[in-house]
Amino acid sequence: MVDEKKLTPKSENYSEWYNQLVQRAELADYAPVRGCMVVRPYGWALWENIQDALDSRFKATGHVNAAFPLFIPMSFLEKEKEHVEGFSPELAVVTIGGGSELEEPLIVRPTSETIIGYMYSKWIQSYRDLPVLINQWGNVVRWEMRTRLFLRTLEFYWQEGHTAHATPEEAEEETLRMLNIYTDFAVNEAAVPVIPGRKSESEKFAGAVHSYTIEAMMGDKKALQAGTSHNLGQNFAKAFDIDYLDENNTLQHCWTTSWGLSTRFIGAIIMTHGDDQGLILPPRLAPTQIIIVPIFRKDDEQQQVMAVVERIKNELHDFRVKVDDRTEVTPGFKFNQWELRGVPLRLEIGPKDVANNSVALARRDIPGREGKSFVPQAGIAQTVSEMLDAIQANMLEKATQFRDEHIYEPKDYDEFKEIIQNDGWCYVWWKPNAENEAAIKEETKATLRCIPLDQPGGKGKCIFSGEESDQKVYFAKAY
RNA sequence: CGGGGCGUGGCACAGCCCGGUAGUGCGCACGGUUCGGGUCCGUGAGGUCAUCGGUUCAAAUCCGAUCGCCCCGACCA
């Protein structure tokens, strides 16, 4: 018999582990409509912390938030040829409104370049109006065939930034600035090590001149595109007449960008850090950073313990802290439940601690006895603060180590195939060629994840064609 | 849309082959017990067996159709 209290181990069935974890940690649930997701309060609290971390970075670089409509006229999408080709297979279309057939079908936005481009064309007249730096928090719909909670659902929540600039240099600078913000967020807030890089021609966004990505390695070694930033050149400006008069009174097309990060990132956090006990959340993003579990048997013990618990809780007011004072479940039950939900630090206070002026600390990132320590009640805020920092740092270090251990540099294509077969990543010299890329995908299921910004320099022979090239790239199987 | 599987209390499943008044575990409610790693015991609530039709004295079980879901492929933040 399977122990229903335990998660299916990662090593046994990774996707089952993932699904059980998401649902039992109460992050999200399946909705009545196939492929749709209900984000539960705990999952949404995590998303709100992600939003705050990103929003503060956006604001610091001059961006503002706004909201654009959910419905977009079908004709808007058709104005940019590559864009409509890329998105039409996955559109949800509304044809009836208020009981009668609409003159023009509306699509539920799969992304907002078109409607925002349309508005920008009205707002922008002069070079003095530029740059326009707007971000939107919202939801979009893409009718995907196979779905998974957070990673790919019919509807998902994200932010999409859309900017317009006077020059190609400014647009490229913006595209890279936002990529760097994503990288900074992923590494320093989520403890998810990512590789920032450029997408190949075949993998880029429909309608972009070029796309950048942050690529992360999940616990099963598959790659996950965790955020994207696109330089749209003048493609959308031309399609939507986003024009301005420059200093010389000459009409010019704008240069635009777009960049997005979605609730998929929650999937990245789960699959980067989670273990067989459940979630492990980075302290900087965890909705609850510290859970206090009081332990007592008799009434008089309860009073003494709760007095200490209250005092400690007040001392920790600078942290996101909760007390689990339920009496209907045992401490052991609570330990397991909060571990499942990934709370970084657990604080136990029992009769022994009352007597010794101590508390027991258990860190989530180090399971078992090694992660447990007893510390004095005095100076608890300082102790806890340092430990949360240590957890955050350790999570990043562990994830980085795991990733680096599974990136290989094959000598030849045979070795390449063998590595991909075992789900490793390949870091190889590459001569850009869409046909060769397709051939590799066909044969191995691996895709060109990115051309990293950080290049080693020098030259080498392309892993596939043998031609000389000056760039190295990553290939891997991906979500 | 191609290949495979499954629909039975909230969840996970047994029962179906060989028709005879619906079962187990988890969860839930109540009482007690326990509480420093998912306590234990007792009592109880909860299901027109996916739907429609057929065979039969009798259908969760046999036959037919329909619907839905899951897994494997093609598409993808």
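Rules of the game
Residues numbered from 1 in each chain as written. Chains lettered and ligands numbered in written order. Predicted model: local features only at pLDDT ≥ 70, side-chain atom pairs only at ≥ 80, totals over all residues. Heavy atoms only, no water. Near = heavy atom within 4 Å. Polar contact = N/O pair within 3.5 Å; in protein donor to acceptor, adjacent residues only side chain to side chain. Helix = DSSP H or I, 4+ residues; strand = E, 2+ residues; numbered from the N terminus. Nonpolar A, V, L, I, M, F, W, Y, C, P; charged D, E, K, R; others polar. Contact = heavy atoms within 4.5 Å. pLDDT = per-residue confidence, 0-100. Pairing = 2+ DSSP bridges. Axes fitted to C-alpha atoms, helices over the stretch in contact; angles between N-to-C directions. Phe/Tyr/Trp six-rings, centres within 6.5 Å; stacked < 30°, edge-to-face > 60°. Buried < 20%, exposed > 50% of the residue type's maximum accessible area, 1.4 Å probe, protein only. Lys NZ or Arg CZ within 6 Å of the ring centre and 35° of its normal.

Let's talk about the protein's contact with RNA strand B
- For RNA strand B, the set of nearby residues contains 34 residues, the closest of which are K5, R146, R152, T330 and D353.
- Taking the atoms of RNA strand B that fall within 4 Å of the protein, sugar and phosphate contribute 43% of them.
- One nitrogen or oxygen atom from the main chain of G350 is found 3.4 Å from a base oxygen belonging to RNA strand B.
- Contributing elements (two or more residues each) for the surface near RNA strand B: helix 10 (331-340), strand 17 (345-349) and helix 11 (351-356).
- Counting residues per element, the surface near RNA strand B draws most heavily on helix 10, which supplies six residues.
- Of the residues contributing to the surface near RNA strand B, the split by class is ten nonpolar, seven polar and 17 charged.

Notes on the side chain of Q392
- Tracing the sequence through the fold places Q392 in helix 12 (residues 380-405).
- Q392 has contacts with N188, E189, A190, A191, P282, P283 and R284, leaving out every residue within four places of it along the chain.

What to know about the confidence of the model for chain A
- Per-residue pLDDT for chain A has a mean of 94; in total, 99% of the residues score no lower than 70.
- The ipTM, which scores confidence in the relative placement of chains, is 0.87 for this predicted complex, and the corresponding pTM is 0.96.

Observations regarding the sheet that holds strand 22 (residues 447-452)
- With respect to topology, eleven strands assemble into an open sheet ordered 3-7-8-14-11-10-9-22-25-21-20, the strand pairing being mixed. Each edge of the sheet is formed by a strand with only one pairing partner; in this case those strands are strand 3 (64-65) and strand 20 (407-408).
- Across four bridges, strand 21 (residues 425-429) lies against strand 25 (residues 472-476) in antiparallel orientation. Paired with V428 across the strands is V473, a residue of strand 25.
- The sheet strands contacting helix 2 (residues 41-60) are strand 3, strand 7 (132-141), strand 8 (155-165) and strand 14 (255-262), and the helix crosses strand 7 at an angle near 165 degrees.
- Strands strand 20, strand 21 and strand 25 of the sheet are contacted by helix 13 (residues 413-421), whose axis makes an angle of about 155 degrees with strand 21.

Looking at the pairing of strand 9 (residues 194-198)
- Two elements, strand 9 and strand 10 (residues 210-217), share five bridges in a ladder whose sense is antiparallel. Bridge assignment links P196 to a residue of strand 10, and that residue is I214.
- Sheet analysis places strand 9 next to strand 22, joined by two bridges and oriented antiparallel. What sits directly across from R198, in strand 22, is I451.

Let's talk about the packing of aromatic side chains
- In this structure the tally under the stated criterion is 18 aromatic pairs.
- With centroids separated by 5.0 Å and ring planes inclined at 40 degrees, the aromatic side chains of Y14 and W17 adopt a geometry described as tilted. Of this pair, Y14 and W17 both sit in helix 1 (residues 14-24), three residues apart, which is roughly one turn of that helix.
- The class for W17 is buried, based on a relative accessible area of 0%.
- Here the aromatic rings of Y413 and F464 are separated by 5.0 Å at their centres, their planes lie at 90 degrees, and the arrangement is edge-to-face. On the criterion of sequence distance, the pair formed by Y413 in helix 13 and F464 in the loop between strand 23 (460-461) and strand 24 (468-469) is long-range, its members being 51 residues apart.
- For Y413, a relative accessible area of 14% gives the class buried.
- For F464, a relative accessible area of 30% gives the class partly exposed.
- Site record: aromatic cluster; members linked through ring pairs are Y413, F416, W430, F464 and F475.
- Sitting over the ring of F335, R346 keeps its end group 4.0 Å from the ring centre.

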